[in-house]
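Below, each chain spelled out in residue letters.
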Amino acid sequence: QVQLVESGGGLVHPGGSLRLSCAASGSIFSLNGMGWYRQAPGKQREFVATITSGGSTNYADSVKGRFTISRDNAKNTVYLQMNSLKSEDTAVYYCNAEGRLRVGGRYDTWGQGTQVTVSA
């Protein structure tokens, strides 16, 4: 199967920056869409940003102009550069990836999540 390991979360002051990483490993034949989602306390998980294997990106309105998603296909890794962070960005951030398995079939996998806390 496919595993996703996230890193880069932490505590940052408002206006600060963080960079999240998510590395995929396992029985990967193709790695198509990759993305980031987040879940704040007491709220549902919400979309943050996605990127296709060709590099096309899509962002939630709340993060446009502040967050940048990118990927390194050679490393099967997706990144989320977060700038001008606000307290409302505080959440657990989850990585998602989908594609095809070497052994056949498809996968749609989530990481374990990494905490981002924006506080003075």
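Draft legend 1. The state of the cysteines, seen in detail. Here the structure, examined in full by the defined rule, presents 1 disulfide. Between the sulfur of Cys22 and that of Cys95 lies a disulfide, 2.1 Å long from S to S. Since a negative S-S torsion denotes a left-handed disulfide, the Cys22-Cys95 link at about -85° is left-handed. A residue pair is termed long-range when its members are at least 10 positions apart, and Cys22 in strand S3 (residues 18-26) and Cys95 in strand S9 (residues 91-101) qualify at 73 residues. Neither residue differs from the other here; Cys22 and Cys95 are each classed as buried.

Draft legend 2. Structural view of the sheet that holds S3. Pairing is antiparallel in the open sheet, where 4 strands are placed in the order S1-S3-S8-S7. Two strands bound the open sheet, and with one partner strand each, they are strand S1 (2-7) and strand S7 (67-72). Averaged over all adjacent pairs, the angle separating strand axes in this sheet is 15°, with direction ignored. Relative to S3, S1 is paired through 6 bridges, and the arrangement is antiparallel.

Draft legend 3. Up close: the packing of aromatic side chains. Using the criterion set out here, one finds 2 aromatic pairs in the structure. Geometrically, the ring pair formed by Tyr37 and Phe47 is edge-to-face, given 5.9 Å between the ring centres and 65° between the ring planes. Taken together, the residues Tyr37 in strand S4 (residues 28-39) and Phe47 in strand S5 (residues 46-51) connect sequence positions 10 residues apart. Ring plane angle 65° and centroid distance 5.1 Å describe the contact between Tyr37 and Trp110, whose orientation is recorded as edge-to-face. Taken together, the residues Tyr37 in strand S4 and Trp110 in strand S10 (residues 106-110) connect sequence positions 73 residues apart. We classify Trp110 as partly exposed; its relative accessible area is 38%. Ring pairing ties together the aromatic residues Tyr37, Phe47 and Trp110, which thus form one cluster. Note that Arg19 overlies the ring of Tyr79, its terminal NZ or CZ placed 4.0 Å from the centroid. Sitting over the face of the ring of Trp110, Arg45 holds its NZ or CZ atom 4.7 Å from the ring centroid.

Thresholds, definitions, all that
- Residues numbered from 1 in each chain as written.
- Predicted model: local features only at pLDDT ≥ 70, side-chain atom pairs only at ≥ 80, totals over all residues.
- Heavy atoms only, no water.
- Disulfide = S-S within 2.5 Å.
- Helix = DSSP H or I, 4+ residues; strand = E, 2+ residues; numbered from the N terminus.
- Buried < 20%, exposed > 50% of the residue type's maximum accessible area, 1.4 Å probe, protein only.
- Pairing = 2+ DSSP bridges.
- Axes fitted to C-alpha atoms, helices over the stretch in contact; angles between N-to-C directions.
- Phe/Tyr/Trp six-rings, centres within 6.5 Å; stacked < 30°, edge-to-face > 60°.
- Lys NZ or Arg CZ within 6 Å of the ring centre and 35° of its normal.

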